[in-house]
Amino acid sequence: MKSICFVTTGDIKTNATAKRALGMANPLADLGWRVHIVMEDTPENHHRASIECDGRATVHYFTHLPANKERAEKAKLLKAIRPDCLYLSAFVFRNIVPYRGRCTRIVEHSELMASVCNRNLAHRALDAILEYSSILYADGLVNASVYLHDTYQRRASLLPRRLRPAMLHLPYAYSPSMVRPQPASTGGPGMYRGKALFVYLGTITANYGIFTLLEAARLLSQERRDFCLAVLGQGNDFGAAARLAGKLGGCVDMCGFVSEERIPQYFSQAAAFILPMNDTVQDWARCPSKLFMYLPYGKPVITCRIGEALHVLGEQGLYYQPGNAAELKERMACVADGKAGGLGINPQEHSWPARAKVFDGWAMAALKKKSHKNLT
């Protein structure tokens, strides 16, 4: 039986790179893989693993340690597991395990940290070194967005063909087990009933568009009161955002952190979802995982013509210019007036089982190629 070990770092509550490991664990097991996941021992990691893996994957926990000790602990686990396929969920120092076992090495890229402008120059230089080094380290690269896929193909083209890793564009997805549509009468807090509910789920920071959302809500509240914006999540700017929201007369509900089990209550009542994006390399490169959580509910998604959101939604999205609160307000008004149709996208194509089937075929080819190289 083929085996794979996903090596992750951090708490999934603040570091989303383990989402693919948890999402694809059961589907890969159903396709005949023996699945292992290495995760930090945190309450949220335990919780998410318990609801997404249900025993078909083996999860190995390590306590939070200094970086070098974490790497050594992961190496010890890998030595015992001896996987056919080693999958690094992020190519960061804590995850680059000094493991010498013979296996296919796969690295996932979900962002371009060297292009994040608010990081200092020294950190960005180190990020760039790691990004380029991953091309030499890996037998295969999994790129979470089209932009990343194009970027790493271009970078790898500088190497001789025999040194280039195999590459796969594989976005994030949603777990069917976590989709629980509920009737409107029981779908969530009563304060939303009779109103057009707009839902944002994500980190509450200026960089992720929270203040554009609040300004759009303020503008719309000057014209009508039959709507509510529910903001789900935490972040550095939560306090400032909550103070602004408090001035809008109940049009904005700052919900804070909402557990995975309670999210369907909000999603079921939503008239539309909002996914702000910025015209920056960071947002073109990243794969917004929340987009795929929205898709199974079939509601309109208000976003920007940026990166993976544009690639997935195409002409089915409701778009506004990044940072333009007035345009966002107009799209919200369109939804509140009932002028926006359904999403018209088959969500099953964006589920973790669908992603696992694509990965299975690609990884098996990579394993076969690796085995041939070892024999020759």
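Residues numbered from 1 in each chain as written. Predicted model: local features only at pLDDT ≥ 70, side-chain atom pairs only at ≥ 80, totals over all residues. Heavy atoms only, no water.

1. Digging into the sheet that holds strand 11 (residues 270–275)
Stage number 1. An order of 10-9-8-11-12-13 is seen for the 6 strands of this open sheet, with the pairing classed as parallel. Each edge of the open sheet carries a strand with a single partner, namely strand 10 (252–256) and strand 13 (318–319).
Stage number 2. Bridge analysis of strand 9 (residues 227–232) against strand 10 gives 4 bridges, and the strand direction is parallel. Of the residues in strand 10, the one forming a bridge with Ala 230 is Asp 253. (Pairing = 2+ DSSP bridges. Helix = DSSP H or I, 4+ residues; strand = E, 2+ residues; numbered from the N terminus.)

2. Some remarks on the pairing of strand 6 (residues 140–143)
Stage number 1. Of the two faces of strand 6, the one carrying Gly 140 and Val 142 and the one carrying Leu 141 and Asn 143 are both buried.
Stage number 2. Tracing the backbone out of strand 5 (residues 104–109), into helix 4 (residues 121–137) and back to the parallel element strand 6 gives a crossover that is right-handed.
Stage number 3. Pairing of strand 6 with strand 7 (residues 166–169) involves 4 bridges; the strand directions are parallel. Its bridge partner being in strand 7, Asn 143 is matched across the sheet by His 169.
Stage number 4. For the crossover from strand 6 across helix 5 (residues 146–156) to strand 7, the handedness is right-handed. (Buried < 20%, exposed > 50% of the residue type's maximum accessible area, 1.4 Å probe, protein only. Right-handed = clockwise from strand over helix to strand, strands pointing away.)

3. Some points on the environment of Phe 62
Stage number 1. Mapped onto the elements, Phe 62 comes out in strand 3 (residues 57–62).
Stage number 2. Classification of Phe 62 as buried rests on a relative accessible area of 2%.
Stage number 3. Along the sequence, Phe 62 and Ile 12 sit 50 residues apart, while their C-alpha atoms lie 14 Å from each other.
Stage number 4. Other than its neighbours up to four places away in sequence, Phe 62 contacts Thr 8, Val 38, Met 39, Glu 40, Asp 41, Glu 70, Glu 73 and Lys 74. (Contact = heavy atoms within 4.5 Å.)

4. Focus on the environment of Asn 120
Stage number 1. Within the secondary structure layout, Asn 120 lies in the loop between strand 5 and helix 4.
Stage number 2. In this structure the side chain of Asn 120 is engaged in a polar contact, spanning 2.8 Å, whose partner is the backbone nitrogen of His 123. (Polar contact = N/O pair within 3.5 Å; in protein donor to acceptor, adjacent residues only side chain to side chain.)

5. Examining the packing of aromatic side chains
Stage number 1. Within the structure shown, the criterion is met by 12 aromatic pairs.
Stage number 2. Ring centres of Tyr 87 and Phe 359 lie 5.8 Å apart, and the angle between their planes is 65°; this geometry places the pair in the edge-to-face category. Remark: Phe 359 occurs in helix 13 (residues 352–375) and Tyr 87 occurs in strand 4 (residues 85–88); sequence separation between them is 272 residues.
Stage number 3. Overall, Phe 359 belongs to the buried group, its relative accessible area being 0%. (Phe/Tyr/Trp six-rings, centres within 6.5 Å; stacked < 30°, edge-to-face > 60°.)

6. Details of the confidence of the model for the protein chain
Stage number 1. In this model, the protein chain carries a mean pLDDT of 91, and residues with pLDDT of at least 70 account for 95%.
Stage number 2. Between residues 372–376, whose pLDDT stays under 50, and residues either more than four places distant or in other chains, the model counts 2 contacts. (pLDDT = per-residue confidence, 0-100.)

7. Examining the sheet that holds strand 2 (residues 34–40)
Stage number 1. Spatial strand order, 3-2-1-4-5-6-7: 7 strands in an open sheet with parallel pairing. Every other strand in the sheet has two partners, leaving strand 3 and strand 7 as the edge strands with one partner each. With direction set aside, neighbouring strand axes in the sheet form an average angle of 20°.
Stage number 2. Strand direction decides the pairing type here: strand 1 (residues 3–7) and strand 4, joined by 4 bridges, are parallel. Directly across from Phe 6, in strand 4, lies its bridge partner Tyr 87.
Stage number 3. Against the sheet, helix 1 (residues 19–30) touches strand 1, strand 2, strand 3, strand 4, strand 5 and strand 6, its axis set at about 160° to strand 2.
Stage number 4. Strands strand 4, strand 5 and strand 6 of the sheet are contacted by helix 4, whose axis makes an angle of about 150° with strand 5. (Axes fitted to C-alpha atoms, helices over the stretch in contact; angles between N-to-C directions.)

8. Examining helix 3 (residues 67–81)
Stage number 1. Its 15 residues place the ends of helix 3 21 Å apart at the C-alpha level, agreeing with the 21 Å of an ideal helix rising 1.5 Å per residue.
Stage number 2. Glu 70, Arg 71, Lys 74, Ala 75, Leu 77, Leu 78 and Ile 81 are the residues of helix 3 that are buried. What you see down the axis of helix 3 is that its buried residues fit within an arc of 165°, all on one side. In helix 3, the exposed positions that point more than 90 degrees away from the buried face belong to Asn 68, Lys 69, Lys 76, Lys 79 and Ala 80.
Stage number 3. Looking at the buried residues of helix 3, the elements they touch are strand 1, strand 2, strand 3 and strand 4.
Stage number 4. Arg 82 sits one or two positions beyond helix 3 and adopts a positive phi of about 50°. (Expected span 1.5 Å × (residues − 1). Arc of directions from axis to C-beta.)

9. Some words on helix 12 (residues 325–336)
Residue pairs three or four apart in sequence face the same way in an α-helix, which turns once every 3.6 residues.
Stage number 1. Compared with an ideal rise of 1.5 Å per residue, which puts 12 residues at 16 Å, helix 12 spans 16 Å between its outermost C-alpha atoms and is within 8% of the ideal.
Stage number 2. Of all the residues in helix 12, the buried ones are Ala 325, Leu 328, Lys 329, Met 332, Ala 333 and Val 335. Along helix 12, the residues classed as buried sweep out an arc of 155° about the axis, all on the same side.
Stage number 3. If you follow the buried residues of helix 12, they end up packed against strand 8 (196–201), helix 6 (210–221), strand 9, strand 11, strand 12 (301–303) and strand 13.

10. Thoughts on the pattern of salt bridges
Stage number 1. Taken as a whole and assessed by the stated rule, the structure comprises 19 salt bridges.
Stage number 2. The partner of Asp 127 in a salt bridge is Arg 119, with the nearest N and O atoms 2.9 Å apart.
Stage number 3. If you follow the salt bridges from partner to partner, you end up with Asp 30, Asp 54 and Arg 56 in one network. (Salt bridge = Lys/Arg side-chain N within 4 Å of Asp/Glu carboxyl O.)

11. Notes on the packing of helix 4 against helix 5
Helix-helix packing is described using two parameters, namely the angle between the two axes and the distance between the axes.
Stage number 1. Relative to each other, helix 4 and helix 5 sit at 70°, their axes nearing to 10 Å. As the angle between them shows, helix 4 and helix 5 are arranged roughly perpendicular. Along this stretch, helix 4 crosses helix 5, giving a crossing that reads as right-handed. Here Glu 131, Tyr 132, Ser 134 and Ile 135 of helix 4 come into contact with helix 5, specifically with Tyr 152, Arg 155 and Ala 156.
Stage number 2. In terms of residue class, the contact of helix 4 with helix 5 is built from 4 nonpolar, 1 polar and 2 charged. (Parallel < 35°, antiparallel > 145°, perpendicular 65-115°, else oblique. Left-handed = near helix turned anticlockwise from the far one by under 90°. Nonpolar A, V, L, I, M, F, W, Y, C, P; charged D, E, K, R; others polar.)

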